[in-house]
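# Structural overview for review
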Amino acid sequence: MLFSTFNVAHKHRLMFFVYFPVQHLPTFSLCVFRYRLTSSTQILAPIESDNERYLHKSTVPTMHFQPSLPRLPIPRLEDTCQRYLNAQLPLLDATHFEDTKRLVANFQLEAGKDLNQRLIAQDKANKHTSYITGSWFDMYLRDRQPIVLNYNPFISYIDDPKTAYNDQTIRAANFLISAIKFRETLNAGLLEPEVYHLNPKKSDTETFRKVVRMLPSSFSWYGAYLYNAYPLDMSQYPSLFNSTRIPEIGKDRLVRFEKAKHVLVMRGGHFYVFDVLDKDGNLLQPLDIYSCLKYIQQDPIAPSQHPIGYLTAENRDTWANARQLLMENNSGQMEAIDSALFNLVLDDVGTDNDPVKISKLFLHGNGANRWFDKSFSLIVARDGKAAVNFEHSWGDGVAVMRFLNESFKDSTGKPRVHPHEVAGMIPRRDFDPSYHVKRLEFQLSDRLKAAVSDARQRFDQTTGALTVDLFIYNGFSKHFCKEQQVSPDAMMQLGFQVAYQLQNGGTCSTYESCSTSAFKHGRTETIRPCTSQTTAFSRAITASSGKHSQSELRAMITDCSKVHGQLTKEAAMGQGFDRHLFALKYLAQQQSLPIPALYQDPAYAAINHNILSTSTLGSPAVELGGFAPVVHDGYGIGYSIQDNRLGAVVTTYPPHRNGSDFVSCLESAFRRIEDVLRKKN
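Residues numbered from 1 in each chain as written. Predicted model: local features only at pLDDT ≥ 70, side-chain atom pairs only at ≥ 80, totals over all residues. Heavy atoms only, no water.

### Let's talk about the UniProt feature "domain: Choline/carnitine acyltransferase" (unreviewed entry) in the protein chain
Listed under "domain: Choline/carnitine acyltransferase" (unreviewed entry) in the UniProt record, and renumbered for this structure, are residues 72–667. Overall, residues 72–667 shows 45% helix and 15% strand. The separation of its end C-alpha atoms is 39 Å. (UniProt positions renumbered as here; feature names shortened; annotations may be inferred. Helix = DSSP H or I, 4+ residues; strand = E, 2+ residues; numbered from the N terminus.)

See the structure below:
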């Protein structure tokens, strides 16, 4: 019933287009060796075997390619200006386009030229990073909007193929163990580097790994390039664990706590912590971890009357003020939350295997049992459905998707907690979970209780306004597109344009993001799928006159695919226009220079008001993914095209937009495109 899709999107800009996962080395066999550490208090049984401590042992060190990654290029100003005009052409009438064209010409010759020279000089002075890094972090951390719906997306896992392992506590325990193994593998430099192999038969081999390992890190990227393999930036990976976003007035900050060994668990709006690593970094026995989670799950305490998790969904300045009050009497509790390895959420509600319920639960839930500031939260529902909800300022989809794939593969392929072991299990005499698990108790003033109550009301009002609709279309598939020699992603984007034309008439600003992780500290670049070619086809296929022949329509589809493919290649190589123009404007603001007239043009504001916000990333481990619209009169579209069908999760804010009607238009749009491709009359 569900389909695989990955979506990362948020207010303003950042989503994720497509990522090609590396075929990683097979994980090692289960060779178990255990020993017990004795102490005068509790006796722990850590896992000692490297095969149990690590996911795998990569031949090539994790960060081996990092020093030699190429730097993100600053596009030529004239190319940026032309690409910007190309994107504006289908959005503006002739008069407004000429006005914008004049502004762009002046910008290119005058203010833009000066700003670009300053940006190039600044980039040369900061060769350790990319030209977009500072401004991009600043954009995230200065935004005062709530991060819920505006930034945090979710990605849900498919079920464990072994039904009995979908028990909530069993699945949570196995995910927790696999997550810690991922962290330990990463920290030890044993996680396979992220590499995009253009010719896997040649480069995704042990010979390749041995050769590039022998090369100095300062040169290793070039060795991989000779194999037609392209290492990707992994600088965001360390921020997956022991990290959080701290609200502060005006601008938040990101903090990492590398030494903490405990995990944060939430249930019923309460916070629990327990160490999963001993002083030597060894992971506790699987059944002991299970016992701790079972103890939390069975805690008879009533749900929190004043769940402070709601505060993380507030306006960031509002939350910053409330946090200052919390710190007065709860500094230790807050440090325990902030420094935890990650947040494991046990929800007391199920999903009924309903895609809409799944999407709403994992995108925002009821707010009481969430802490949206952690780098990521791994949420497990009562029925075993699971997902990752992540804070977006620290990184993009590459690191999260790698974690999701690896944690699913390990937790299902090599589970450490088994149903037959826990059925009627009697805890070890030398392990008492009540000794290890600590529930954090908070002292809340009346002012803080009122703040929580206000936050709850705003959260319910905001999330209650969001609607989720599901679209599935069978038959139109990745395989079918390849047969027709058109790009599957181009066809998806063309369908969105046709559907918008059917529902609303005309065109609109459309956003699709592409990773620039092929470059050091690369983030994303924008693909602008609304083109002159898609506009011409959308008008032709929806016209009542039917004046275009099937062959003409087919040629138009081919043109749409070619143009989209070119835009995608340019974006992946850092040759879009959005990030360049953004960086130039940011530089002018930072250096207190006059803001060029280009940025005050209504057309610039309109193209950055993204009505259609789209994102995709497929994986066999992913069931659904979603995000809210980035503007209130827009659509949030997380989509996937598979071997046998395509689909999308569509979010909207009525009455601004009608999501169910848009889904009906999508059905019509893809049927019309399919008819043309199949040459039906």
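### Describing the pattern of salt bridges
As enumerated under the stated definition, the model contains 38 salt bridges in all. Where D317 meets R144, a salt bridge forms, and the shortest distance between an N and an O atom there is 2.7 Å. Remark: R144 occurs in the loop between α5 (133–142) and β2 (154–157) and D317 occurs in helix α11 (residues 316–339); sequence separation between them is 173 residues. The class of D317 is partly exposed, set by a relative accessible area of 22%. Using a relative accessible area of 15% as the deciding quantity, one classes R144 as buried. A salt bridge links E391 to R245, with the nearest nitrogen and oxygen atoms 2.9 Å apart. Highlighted residues: E391 in the loop between β12 (386–390) and α13 (397–413) and R245 in strand β5 (residues 243–246), separated in sequence by 146 residues. A relative accessible area of 1% places E391 in the buried class. One network of salt bridges, with partners in common, ties together R144, R245, D252, R316, D317, D373 and E391. (Salt bridge = Lys/Arg side-chain N within 4 Å of Asp/Glu carboxyl O. Buried < 20%, exposed > 50% of the residue type's maximum accessible area, 1.4 Å probe, protein only.)

### Points about the sheet that holds β2
Strand order in the open sheet formed by eight strands is β13-β8-β7-β10-β11-β12-β2-β18, with mixed pairing between adjacent strands. Only two strands of the sheet have a single neighbouring strand rather than two, namely β13 (438–439) and β18 (622–626). Summarising the sheet, strand β8 (residues 270–275) and β13 pair through two bridges and their orientation is antiparallel. The residue of β13 that forms the bridge with Y272 is R439. Those strands touched by α13 are β2, β11 (376–380), β12 and β18, and its axis lies near 15° from that of β2. (Pairing = 2+ DSSP bridges. Contact = heavy atoms within 4.5 Å. Axes fitted to C-alpha atoms, helices over the stretch in contact; angles between N-to-C directions.)

### Observations concerning the environment of D643
Here D643 shows up in the loop between β19 (635–641) and β20 (645–652). Along the backbone, D643 and I337 are 306 residues apart, and their C-alpha atoms lie at a distance of 42 Å. In this structure, D643 is in contact with S477, K478 and H479, ignoring residues within four places of it in sequence.

### Here we look at the packing of helix α18 (residues 488–504) against helix α19 (residues 532–542)
Relative orientation and spacing of two packed helices are given, respectively, by the angle between their axes and the distance between those axes. Two elements in contact, α18 and α19, have axes separated by 9 Å at closest approach and are oriented at 50°. In this view, α18 runs oblique relative to α19, as classed from their interaxial angle. The hand of the α18/α19 crossing is right-handed. The segment α18 lies against α19, with L494, Q497, V498, Q501 and L502 engaging T534, F537, S538, R539, I541 and T542. (Parallel < 35°, antiparallel > 145°, perpendicular 65-115°, else oblique. Left-handed = near helix turned anticlockwise from the far one by under 90°.)

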